Amino acid sequence: MRCLFMEERNNVPFPQANDFEKIIKLLEVNEEKLKDNAYLKELLNLGTDRQISYYLSACEFLGLIFKRHFTEVAKELKSVSNDTKVLKLSQLIVSMPVFGEVFFMRYYYNSNLSIDEISQMISILYKIDNYEVCKRRASTVIKWLSWIDEKKNYYNNYY
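In every chain, residue numbers begin from 1 and rise along the written sequence. The predicted origin of the model limits local features to residues at a pLDDT of at least 70 and limits the giving and counting of side-chain atom pairs to 80 or more, whereas totals for whole chains, interfaces and linings rest on all residues. Computation of side-chain values: all heavy atoms of the structure, hydrogens and water removed.

(A) Inspection of the overall build of the chain at higher detail. A helix here means a DSSP run of H or I that spans at least four residues, while a strand means a run of E at least two residues long, and both kinds are numbered starting from the N terminus. Along the backbone of the chain there are 10 helices and 2 strands. Relative accessible area decides the class of each residue, using a 1.4 Å probe on protein chains only: under 20% of the type maximum gives buried, over 50% gives exposed, and in between gives partly exposed. Out of the 159 residues belonging to the chain, those deemed buried represent 43%. Contacts between residues were defined by any pair of non-hydrogen atoms, one from each residue, lying within 4.5 Å. Partitioning the intrachain contacts of the chain with sequence separation of at least 6 by distance along the chain shows that 67% fall at a separation of at least 24.

Next up, the structure:
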């Protein structure tokens, strides 16, 4: 379930959008609404255009949106049941750099990496020198993986 636009996605910054439910909400809108910042602010209960850009960029990072249009991956997700959507989004998250490493450290080695360790990983892989930026982005890793944990009951329904 990879995005066809991998080259373009390499230019998308590491996400800084902690509330994964907002990404789900973006998947549910009519594609034309992706261009309407006023609508998106209200839908996502956000205060600024900058915050909206963080969530749209997170969707681009995941390969769900490209230039404010849904990708084939997103269109597929829009057409499946909630149980399948949760499973496929979880798979997509852990397939991404840093997210996957942190996930597998937790579940295979019972090792919870600290926010500092995740920040360092982001700094190295994405060549970001600003520690505070890396720390904010590391919080996204922690929040998205927590979202997966919260949705474990979906996995039981899926199988």
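And the narrative resumes.
(B) Examining the packing of helix α6 (residues 82-94) against helix α9 (residues 131-150) more closely. For helices, the fitted axis covers only the stretch in contact; all axes are lines through C-alpha atoms, and the angles between them, taken along N-to-C directions, range from 0 to 180 degrees. Interhelical geometry of α6 versus α9 gives an angle of 145° and a closest axis separation of 10 Å. The two elements α6 and α9 meet at a crossing, and its hand is left-handed. In this structure, α6 contributes Val86, Leu89, Ser90, Ile93 and Val94 to the contact, and α9 contributes Trp144, Leu145, Trp147 and Ile148. Each residue gets one label: Ala, Val, Leu, Ile, Met, Phe, Trp, Tyr, Cys and Pro are nonpolar, Asp, Glu, Lys and Arg are charged, and the others, such as Gly, are polar. For the contact of α6 with α9, the class distribution of residues is 8 nonpolar, 1 polar and no charged. What makes a crossing left-handed is the near helix being turned counterclockwise from the far one by less than a right angle; a clockwise turn instead makes it right-handed.

(C) Representation of the side chain of Arg106 within the structure. By the secondary structure assignment, Arg106 is in helix α7 (residues 99-109). Side-chain polar atoms of Arg106 contact the side chain of Asp149, separated by 2.9 Å. Sequence-distant contacts of Arg106, defined by excluding residues within four places in its chain, comprise Ser111, Asn112, Leu145 and Asp149. Pairs of N or O atoms are called polar contacts if they sit within 3.5 Å, as long as, within protein, a hydrogen donor faces a hydrogen acceptor (for residues adjacent in sequence, only side-chain-to-side-chain pairs).

(D) A nonpolar patch on the surface, seen in detail. Patch construction takes residues with relative accessible area above 30% that form no salt bridge. Like charges are linked within 9 Å, and nonpolar side chains (Val, Leu, Ile, Met, Phe, Trp, Tyr) are linked within 5 Å. Here the Shrake-Rupley method, with its probe set to 1.4 Å, supplies the accessible areas, and only the displayed protein chains count as covering residues. Each salt bridge in this description consists of a side-chain nitrogen of Lys or Arg and a carboxyl oxygen of Asp or Glu lying within 4 Å of one another. A cluster of nonpolar side chains, contributed by Phe104, Tyr108 and Tyr109, occupies part of the molecular surface with about 410 Å² of accessible area. Relative to the helices and strands, Phe104 is located in helix α7.

(E) Summary view of the environment of Val133. Along the polypeptide, Val133 turns up in helix α9. For Val133, a relative accessible area of 16% translates into the label buried. When the C-alpha atoms of Val133 and Gln16 are compared, they prove to be 8.9 Å apart, with 117 residues separating the residues in sequence.

(F) Local environment of the environment of Ser111. For Ser111, the position within the fold is in the loop between α7 and α8 (115-126). Not counting chain neighbours up to four residues away, the residues in contact with Ser111 comprise Met105 and Arg106.

(G) Geometry of the pattern of salt bridges. Enumeration over the complete set of coordinates arrives at 8 salt bridges. Ionic pairing is found between Glu21 and Lys151, a salt bridge with its closest N-O pair at 3.3 Å. With a gap of 130 residues between them, Glu21 in helix α2 (residues 20-28) and Lys151 in the loop between α9 and α10 (152-158) connect regions that are remote in the sequence. Using a relative accessible area of 33% as the deciding quantity, one classes Glu21 as partly exposed. For Lys151, a relative accessible area of 16% gives the class buried. Close ionic contact of Asp149 with Arg106 constitutes a salt bridge, the shortest N to O distance being 2.9 Å.

(H) Expanded view of the confidence of the model for the chain. One confidence number per residue, pLDDT, is output by the predictor and ranges from 0 to 100. Of all residues in the chain, 89% attain a pLDDT of 70 or more, and the chain-wide mean is 90. Averaged pLDDT values over the elements of the chain bottom out at 40 in helix α1 (residues 6-9) and peak at 98 in strand β2 (residues 69-70). Across residues 1-9 the pLDDT falls below 50, and counting only partners more than four positions away or on other chains, this stretch makes 21 contacts in the model.

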